[in-house]
Every structure is written in C-alpha cells, then in structure tokens.
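# Observations on the three-dimensional arrangement
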Amino acid sequence: MEPSSGGTTSAARAAEVLLEFGRRPSALGVSEIARSTGMSKAVAHRILTTFVDCGLLLYEPDTRRYLLGPAAATLGARAMDISPLRRMAREALVDLQRATGETATVTGRLPGGRVYLDQVESTQEIKMTVELGRRFELHSGSSGRIILAHLSKEEQEDVLSGALPRLTATTIVDPDALRAALREARERGVCRSTGERQEGAGSIAAPVFGADGTVIGSVSVCGPSYRMTAEACDRHESALVEAAKRVSRALGHRSAVTAK
C-alpha cells in the first residue's frame with residue numbers, strides 16, 4: 001500500500017471512531033467501538049488513546065469507557081457558530097415561531113443522518129425543545145424524513161436497506177411503508193410526524209435546498225401533539241413552506257426565488 005493510501009485509510013478509521021460517539025448517547029468501550037466499526041480492538045484502542053491525548057475524548061477508569069471530551073465540544077460549538085445554514089435560518093426561525101406560536105427549528109443534513117443546528121423556542125409554558133448538535137436518523141420524525149424524501153433513489157435505498165431503529169410505537173420501520181411516506185412527502189412538499197421520534201411530540205417540516213439544488217436540511221415547527229393536530233398543521237403549513245424557501249434563497253437556491 002502506498003503511503004498516501006495508508007494515511008487516508010488511517011484517517012478514515014480515526015474519523016469513523018470519532019463519528020461513532022456522535023451516533024450514541026452514552027459512553028463507549030473499546031469492544032463496542034471495535035464491533036460497530038469492524039476494526040480490531042488493538043486498532044480501536046490505539047485510536048481512542050490518541051483522541052484522549054488531544055482532548056477529543058475522555059477516559060473513565062472506573063467504567064473503562066470513553067466519552068466526548070472538551071476539544072470535541074469546542075469543535076462542535078464552533079461548527080454550529082459558523083454554519084451558513086444556521087446563520088441564514090435565524091431570522092426566518094424567529095418569524096416562523098411568531099407566526100405559529102410553536103418552536104421553530106433548523107436541521108442540517110449529515111451523511112446518513114441529520115443534526116439540529118438551531119431553534120427558537122415557543123413562548124408557551126408547555127412546549128417542545130430539541131437537542132442541538134446530536135445526530136439523529138433520517139427515517140424518524142418530520143425533519144429527517146423530509147430530507148430523506150428529497151435525496152436520490154440510491155441514497156434513499158442506502159438508508160432503507162440499513163438499520164431502522166424503532167424509537168417509539170409509531171416509528172415507521174417497514175421499508176415499503178417508508179417508501180410510501182417518502183413519496184407522499186416529496187409530492188406534498190412537507191412532512192408531518194406525530195410521536196415517531198419522541199412520544200407526545202408533533203411536527204411538520206419542509207426542505208431547505210443549497211445553491212446546487214440538493215437538499216441540505218429542513219425547517220420545522222414542533223410542539224406537543226395535542227396542539228400539533230392536523231388542523232394546526234394545516235394552519236402552519238404556508239408559513240413553514242415560506243420560511244424554508246426563504247432560507248433556501250438566502251443560501252443561493254435560485255429556483256426558490258420563483259417558487260410558489
């Protein structure tokens with residue numbers, strides 16, 4: 001193997017280990033990392049030790065597990081601060097929250113997943129909030145599924161052929177049912193969800209497109225399911241779609257200028 005190829009492989013393995021911590025909500029051990037990435041325990045341990053040395057991970061001697069460290073938190077916070085999608089969406093989210101009375105969010109696309117970048121919380125006493133910076137799957141919830149609906153067929157099938165975790169009793173995990181839901185979302189231009197990712201939550205989302213026309217994220221309105229009824233979603237839909245188009249225009253999506 002050429003040195004450059006070896007370096008690329010090593011970097012890819014290291015990135016895979018670090019990204020695994022973004023997919024899991026808890027600390028991880030060497031065996032778990034090795035099993036999920038398909039690498040040997042020796043290789044996994046060597047990478048983990050390197051990340052501990054530079055502050056990207058912390059090691060807990062009592063549990064012999066690793067978790068994200070302060071350097072990783074700094075990188076994540078910085079990434080969100082400079083995100084063009086987050087920056088361009090802020091004013092639209094403020095206006096969307098005022099128009100609907102519910103929490104407005106913006107989500108960014110990741111390889112095989114998504115992450116909430118920002119939110120403007122409802123001013124109501126009982127409200128929904130989201131966890132910024134955590135990776136979520138694309139198949140569950142309106143913010144993820146509307147992104148999935150606008151990916152290519154090949155990209156969709158990559159997701160549908162993989163693991164589809166059931167997060168709640170109403171999470172859609174059957175690939176054929178998901179394909180039907182994706183067709184409906186793409187045709188309608190919005191996606192609705194009730195309790196699919198989080199019990200008791202309801203949401204409606206619309207896609208955000210980049211300058212090249214590819215989907216890069218979504219904007220959503222979310223709240224308690226007893227308020228996010230079908231009638232409420234009908235009322236919120238036009239403001240939501242306009243907010244998503246507004247963000248797309250700000251990011252250079254030219255066709256959004258004349259979209260109705």
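Coordinates for the structure precede this section.
Residues numbered from 1 in each chain as written. Predicted model: local features only at pLDDT ≥ 70, side-chain atom pairs only at ≥ 80, totals over all residues. Heavy atoms only, no water.

## Some remarks on the pairing of strand β8 (residues 215-224)
For a regular strand, side-chain orientation follows a simple rule: the groups alternate between the two sheet faces. With 9 of 10 residues buried, β8 is to be regarded as a mostly interior element. The pairing of strand β3 (residues 103-110) with β8 spans 6 bridges and is antiparallel. Note that in β8 the partner of Ala104 across the bridge is Val221. By the bridge criterion, 9 bridges tie strand β7 (residues 201-209) to β8 in an arrangement that is antiparallel. Looking across to β8, one finds that Gly202 is bridged to Gly223. Between β7 and β8, which pair antiparallel in sequence order, lie 5 residues; one of them, Gly213, sits at a positive phi of approximately 90°. (Buried < 20%, exposed > 50% of the residue type's maximum accessible area, 1.4 Å probe, protein only. Helix = DSSP H or I, 4+ residues; strand = E, 2+ residues; numbered from the N terminus. Pairing = 2+ DSSP bridges.)

## So, the environment of Val159
Its location among the elements puts Val159 in helix α7 (residues 153-160). Through-space distance from the C-alpha of Val159 to that of Gly113 is 9.0 Å; in sequence the pair is 46 residues apart. Discounting residues that sit within four places of it in the chain, Val159 has contacts with Leu138, Leu148 and Leu164. (Contact = heavy atoms within 4.5 Å.)

## Describing the side chain of Thr37
Tracing the sequence through the fold places Thr37 in helix α2 (residues 30-37). From its side chain, Thr37 meets the backbone oxygen of Ile33 in a polar contact 2.6 Å long. (Polar contact = N/O pair within 3.5 Å; in protein donor to acceptor, adjacent residues only side chain to side chain.)

## Remarks on empty space enclosed by the protein
Under the counting rule described, the total for this entry stands at 1 cavity of 30 Å³ or more. What the largest cavity holds in volume is close to 180 Å³. As for the largest cavity, its lining consists of 19 residues, and the residues nearest its centre are Tyr116, Arg197, Ala201, Ser203 and Cys222. At the level of secondary structure, the elements contributing two or more residues to the lining of the largest cavity comprise β4 (113-120), α6 (142-149), β6 (191-194), β7 and β8. By residue number, the principal contributor to the lining of the largest cavity is β7, which donates 3 residues. When its residues are assigned to classes, the lining of the largest cavity shows 5 nonpolar, 11 polar and 3 charged. (1 Å grid on protein atoms, 1.4 Å probe; cavity = no way out; pocket = protein on both sides within 12 Å on 5 of 7 lines; lining within 4 Å. Points joined across faces, edges and corners; volume = space filled by probe spheres on them. Nonpolar A, V, L, I, M, F, W, Y, C, P; charged D, E, K, R; others polar.)

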